[in-house]
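# Results of the structural survey
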Amino acid sequence: MGKSLHIMTTYPPFRVSWVAYACLFASGAASLVYELIWFRHLTLVFGASLYALSAVLCAFMMGLAGGAWTMGRLLARGFIKVEPEKLIRVYGLLECLIGLYALCFPFGLSLLEKLYPLILPASGQVGLTVHLLEFFLSTLLMFPATLLMGATLPLVGCWATGNQTEKVFTQVSVLYGVNTFGAVFGCLFTQFYAIRVWGVQGATWFAIALNVVVFMLCYGKARIFYAEESCPVKAETKKRKKQQDTEVSPAIGILVFAMFAYSGMASLSSEILWTRILVFPMGSTLYSFALILATFLLGIALGSLTANKLLGQSHRVLKFVGIEIAIGVFCIAILPILANLTEWTSLADQYFYSLDSSPEKIILIRSLFAFALMFLPTFGFGLLFPLASHIYSYRFEGVGKILGNTYSINTVGAVLGTILTPFVFIPLWGIRLSLYGIYAVLILFGIYVLARVREFKPATTVMMLGVVFFVLVVGKEYWVPNIETQKAGQGNFARLEVNVPADRIKLLDYKEGEHSTISVVEDKQSRARTIYLDGFSTATVSSAFSGSTYMQAMGFVPMALHPSPKRVLVIGFGTGNTLGTASLFPGAEVHGVEIDKNVLEFSKWFSQWNHDVLNRPNTKMFIQDGRAFLKWSKSTYDVIIMEPMSPLQAGVVNLYSKEFYELALSRLKEDGLLVQWLPLHLVGPEDARSITHTFDKVFPEFSVWNSFLTRIVMLVGSRKPMLLDKNHFETLMDNPQIKQLAKEMKVNSFLDFADFFITDGKHLSPFLAEAGEITDDSPLLEFSSVSLLPPLQWETDESFLNLLRPRLDQFPIVNEMRGQEQEVFEKDYAVRTAQRFSLFARRYHGPGESFFASGNYYGGLEALRVFFESHKALPVNLQDAQWHN
């Protein structure tokens, strides 16, 4: 230590220039870009299951910890010469190597994709062993780059302080803060702009460019990173002056170190738990998750950046302990406020769906939710890193080792939090009690360390801990009441719909699971039941007509279209209705894939509608990401039914991309077909065009189908044309179960079934012209304006009308139907077509309104035909004056 310090004191002191801070900002931004982008790539391999995501996150952070620890030792042992220009060039070299590795990442990913199938069980049921191997493979792939990323802070810290330990607090607070501010920028820039405009690869190139610029500056212009000062001050002088405040006993040092590791665990655990809370008022879109992560990092950045001015030069051990205790007290104190989360969510929903909302206001409101919950504790976490580094500075040889050890131990704690929170804390205690337990331990830990620092007598220490423990135990009922399942929104996070009185809703079941918060509610008036996942209405069933029709149609249409469906795959469980419908068809072996195993537990509340599907002998469930299951499964299917979550939720776009459809097509048998759920009420008109256009690009044959809800359609894709077969339909109706199912959907004849058909895909070419294509590189749906501003009813109707438009002069091809039978069928079918168009003509005062109102369907069709003929090249615009009479 003495040798290293003596060398540094022979150099004139210097002032760190803005260029150095800019480079560190760029490093932080590039690292966050890589983290977000590599997560995307790896979820396409492992899937987006909680286990896979946790494995990837842990692997990334372990690399950072390993890099910081290793660099600290390299500097302390003299493997890297501690000279200003030398350290700057090494920093530039690290950034260069990170950029080079990012260039090579696709090759490593390709190799991983070849290795991964070797560890998958033949049964397709992925267990703990596979998830551990996912962590190992993720670590292998990302470790070289994350090791280099972790190494930069100790290296730059060693340079900026001149390797003088007394400068650790003042310099590191600024360096760490600037670096974390870069991460905030990287998060927002990537998620809000770079991927949307440049695509995933473009965002990667942006990060590589940042690495290259830093490298060029470090190697070509190292002297611009600092300016020498004219009045050198011996480091030893300052060191002696602050010796008394800095040095602590070894025992206290170990306790502070352990507490800092625990706060790392607490911070990452809190981020996960806070995110699980904030998805209720903020939603589960990409924008929401980006705002949550950016707010978390912003608090840390500001805390670190202001630490030197806020905390002063004395009593830093006491201040460290005091901040830890204050964080714990604040995080427990705000827990009772979360009892109002359901009300806040309802208020946010009312504004979200109001006519006064705008994307800018929605972003502001969501940011305020995140800021109010997370900013103060994350600000405190930001104060801790420079403090911990300073407190521990007397124990290690040189600044590099100090920073390496403190950063790595905090990051290892964060890894522990990433593992424990979803797999232990939430399943055992739920969200709020987990927060309470984490911060109760932090407070007790802080009280104990405080007593040791102040050298209280053992009896006094025990008494203090006893009193605090008693208060925490007794106060638990106030701060964190037990989870209640009697009433929605009371003692739970169950969601209430906008403008639905709380006393009209009965909470049937509720669970805070490792993957999501699930609730089932029943409307006391209509008896409709809804299942919510993280506050999102996943599916609603009812005994009333149309209450479950669209889910039944999702199963019925493809199973009735295929001449002999033997192997069927349904991706997405929900209430189980679609899977249950498919399982009723004779001779069908049905596989279901659901990413959240807890959803299956709630199937019992829908057994009346899903035919107790989980207990049927011909069904088999797989708990896995839908895309990953298809990617690594060797099975082929006659029918694949896609019924995932909303297309705009983060990550769901992976089930709507061109690459996914190509994968699904490869898993279809030669005469197989795929059905894609397209909820027009959850996406914008351009989103609907993009989904349909992407589907059309992959499947040689595709058509559009619909039940009785104008807001939901089905895209049916296959290699061969799908023909309606009346004889096959009537044979199916001989089966009592199928006939009863059809009756529930008001399908009492072949004409009723044929009315599901909307159009053949080839007739949609004009409408789909110039629509965007959804790919893994360009996930357009995640950046939809609807994520910030929901579609109005007229927009949903407009999307449907443009899909319906070609049906005006189109009839489905019916196998072996000829002559008079076909004439009668086409005449009746035309009436059904007129009835569908009349809805829009009358609702929006369009062409043929008066004819439809008087019951003259043919006159109405003719008026529409004239209108469409004069607007051939243009999609229908319901707000255009030309549509109105």
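For the rest of this paragraph, the subject is the overall build of the protein chain. Across its full length, the protein chain holds 30 helices and 14 strands. Its C-alpha atoms give the protein chain a radius of gyration of 31 Å, near enough to 29 Å, the size a compact globule of 885 residues would have. With respect to the three principal axes, the spread of C-alpha positions in the protein chain is 105 × 65 × 55 Å. Per-residue burial over the protein chain gives 60% buried out of 885 residues.

Right, let's talk about the side chain of Arg627 for a bit. Considering the arrangement of structural elements, one finds Arg627 in helix 20 (residues 626–632). Relative accessible area serves as the criterion here: at 8%, Arg627 is assigned to the buried category. In terms of polar contacts, Arg627 uses its side chain to reach the backbone carbonyl oxygen of Asn654, at 3.0 Å. Within the structure, the side chain of Arg627 is placed 2.6 Å from the side chain of Asp776, a separation counted as a polar contact. When sequence neighbours within four positions are dropped, the list of residues in contact with Arg627 reads Leu44, Asn654, Leu655, Ser657, Glu659, Phe660, Leu663 and Asp776.

A few words on the pattern of salt bridges. Under the definition given, this model contains 25 salt bridges. Measuring nitrogen to oxygen at the nearest pair gives 2.6 Å for the salt bridge that ties Asp776 to Arg627. Residue Asp776 is located in the loop between helix 26 (765–768) and helix 27 (793–804), and its partner Arg627 is located in helix 20; the two are separated by 149 residues in the primary sequence. Exposure class is identical for Asp776 and Arg627. Each is buried. Between Lys658 and Glu773 there is a salt bridge, and its shortest N-O distance comes to 3.8 Å.

Let us now look at the confidence of the model for the protein chain. With 95% of its residues at a pLDDT of 70 or more, the protein chain shows a mean pLDDT of 88. Within the model, pLDDT remains below 50 along residues 1–10, and this stretch shows 17 contacts once partners closer than five positions in the same chain are excluded. pLDDT under 50 marks residues 233–244. Its contacts with residues more than four places away, or in other chains, come to 13 contacts.

Read from one edge to the other, the open sheet built from four strands follows the order 3-4-5-6, with strand pairing classed as antiparallel. A strand with exactly one partner marks an edge of an open sheet, and here the two such strands are strand 3 (505–512) and strand 6 (536–541). Put simply, the sheet's adjacent strands are angled 20 degrees from each other on average, direction ignored. Both strand 3 and strand 4 (residues 517–523) contribute to a ladder of seven bridges, which runs antiparallel. Bridge assignment links Asp509 to a residue of strand 4, and that residue is Val520.

Even without being glycine, His611 reaches a positive phi, approximately 60 degrees. One can find His611 in the loop between helix 19 (607–610) and strand 9 (619–623). For His611, a relative accessible area of 25% puts it in the partly exposed group. One non-glycine residue, Asp612, lies in the positive phi region at around 50 degrees. On the secondary structure map, Asp612 appears in the loop between helix 19 and strand 9. Asp612 sits in the partly exposed class, given a relative accessible area of 37%.

Okay, the pairing of strand 5 (residues 529–533) next. Across the five residues of strand 5, five count as buried, placing the element largely inside the fold. Alternating positions in strand 5 separate into two faces, Arg529, Ile531 and Leu533 on one and Thr530 and Tyr532 on the other, with burial throughout. Judged from the five bridges that link them, strand 4 and strand 5 form a sheet pairing that is antiparallel. Counted as the bridge partner of Val521 is Thr530 from strand 5. Taking the residues between adjacent antiparallel strands as the criterion, strand 5 and strand 6 are bridged by two residues, where Asp534 takes a positive phi near 50 degrees.

For the rest of this paragraph, the subject is the side chain of Thr43. Relative to the elements of secondary structure, Thr43 occurs in helix 2 (residues 18–46). Those residues in contact with Thr43 that lie beyond four places of it in its chain are Ala48, Leu53 and Asn654.

What follows deals with the sheet that holds strand 13 (residues 712–718). Within the open sheet, the eight strands sit side by side as 9-8-7-10-11-13-12-14. Their pairing is mixed. Looking at strand neighbours, the two that pair on one side only are strand 9 and strand 14 (757–760), the edges of this open sheet. Neighbour to neighbour, the strand axes of the sheet diverge by 20 degrees on average, direction disregarded. Inspection of the sheet shows strand 12 (residues 701–706) paired to strand 14 by three bridges, in the antiparallel sense. From the neighbouring strand, Ser703 faces strand 14, where its bridge partner is Asp760.

Turning to the environment of Ile325, a few remarks are in order. Looking at the element boundaries, Ile325 is found in helix 11 (residues 316–333). For Ile325, a relative accessible area of 15% corresponds to the buried category. Residues in contact with Ile325, not counting those within four places in the same chain, are Ile443, Gly446 and Ile447.

What follows concerns the environment of Glu484. Mapped onto the secondary structure, Glu484 falls in the loop between helix 15 (458–479) and strand 3. If we ignore the near neighbours within four places in the chain, the residues touching Glu484 are Gln490, Gly491, Asn492 and Leu507.

A separate point is the packing of aromatic side chains. By the definition in use, this model includes 47 aromatic pairs. Note on Phe425 and Trp429: the rings are 5.5 Å apart at their centroids and 20 degrees apart in plane angle, and the pair reads as stacked. One end of the pair, Phe425, and the other, Trp429, are both in helix 14 (residues 399–453), four residues apart, so they sit about a helical turn from each other. Using a relative accessible area of 11% as the deciding quantity, one classes Phe425 as buried. Site record: aromatic cluster; members linked through ring pairs are Phe556, Phe585, Trp705, Phe729, Phe750, Phe753, Phe756, Phe757, Phe811, Phe825 and Tyr829. Positioned above the aromatic ring of Trp632, the side-chain terminus of Lys631 is 5.2 Å from the ring centre. We note Arg689 situated over the ring of Phe767; from NZ or CZ to the ring centre the distance is 5.8 Å.

With that settled, the discussion passes to helix 21 (residues 658–666). Restricting attention to buried positions, one finds in helix 21 the residues Phe660, Tyr661, Leu663, Ala664 and Leu665. Looking at the buried side of helix 21, the elements it contacts are helix 20, strand 10 (637–642), strand 11 (668–679) and helix 22 (685–698).

This paragraph deals with the packing of helix 28 (residues 819–843) against helix 30 (residues 857–870). Where helix 28 meets helix 30, the closest approach of the two axes is 9 Å, and the angle between their N-to-C directions is 70 degrees. By the angle between their axes, helix 28 is roughly perpendicular relative to helix 30. Considering how the two elements wind past one another, helix 28 and helix 30 form a crossing that is left-handed. Contacts from Lys827, Ala830, Val831, Thr833, Ala834, Gln835, Phe837 and Ser838 in helix 28 reach Tyr857, Tyr858, Leu861, Leu864 and Phe868 in helix 30. When its residues are assigned to classes, the contact of helix 28 with helix 30 shows nine nonpolar, three polar and one charged.

Another aspect to go through is the packing of helix 4 (residues 84–115) against helix 6 (residues 168–220). Between helix 4 and helix 6, the shortest axis-to-axis distance is 8 Å and the interhelical angle comes to 155 degrees. In terms of axis orientation, helix 4 runs roughly antiparallel to helix 6. You can see that helix 4 and helix 6 cross each other, and the crossing is left-handed. Note on element contacts: helix 6 touches helix 4 through Trp205, Ile208, Asn211, Val214, Phe215, Cys218 and Tyr219, opposite Ile88, Arg89, Tyr91, Gly92, Leu93, Glu95, Cys96, Ile98, Gly99, Ala102 and Leu103.

Conventions adopted
Residues numbered from 1 in each chain as written. Predicted model: local features only at pLDDT ≥ 70, side-chain atom pairs only at ≥ 80, totals over all residues. Heavy atoms only, no water. Helix = DSSP H or I, 4+ residues; strand = E, 2+ residues; numbered from the N terminus. Rg over C-alpha atoms; globule rule 2.2 N^0.38 Å. Buried < 20%, exposed > 50% of the residue type's maximum accessible area, 1.4 Å probe, protein only. Polar contact = N/O pair within 3.5 Å; in protein donor to acceptor, adjacent residues only side chain to side chain. Contact = heavy atoms within 4.5 Å. Salt bridge = Lys/Arg side-chain N within 4 Å of Asp/Glu carboxyl O. pLDDT = per-residue confidence, 0-100. Pairing = 2+ DSSP bridges. Axes fitted to C-alpha atoms, helices over the stretch in contact; angles between N-to-C directions. Phe/Tyr/Trp six-rings, centres within 6.5 Å; stacked < 30°, edge-to-face > 60°. Lys NZ or Arg CZ within 6 Å of the ring centre and 35° of its normal. Parallel < 35°, antiparallel > 145°, perpendicular 65-115°, else oblique. Left-handed = near helix turned anticlockwise from the far one by under 90°. Nonpolar A, V, L, I, M, F, W, Y, C, P; charged D, E, K, R; others polar.

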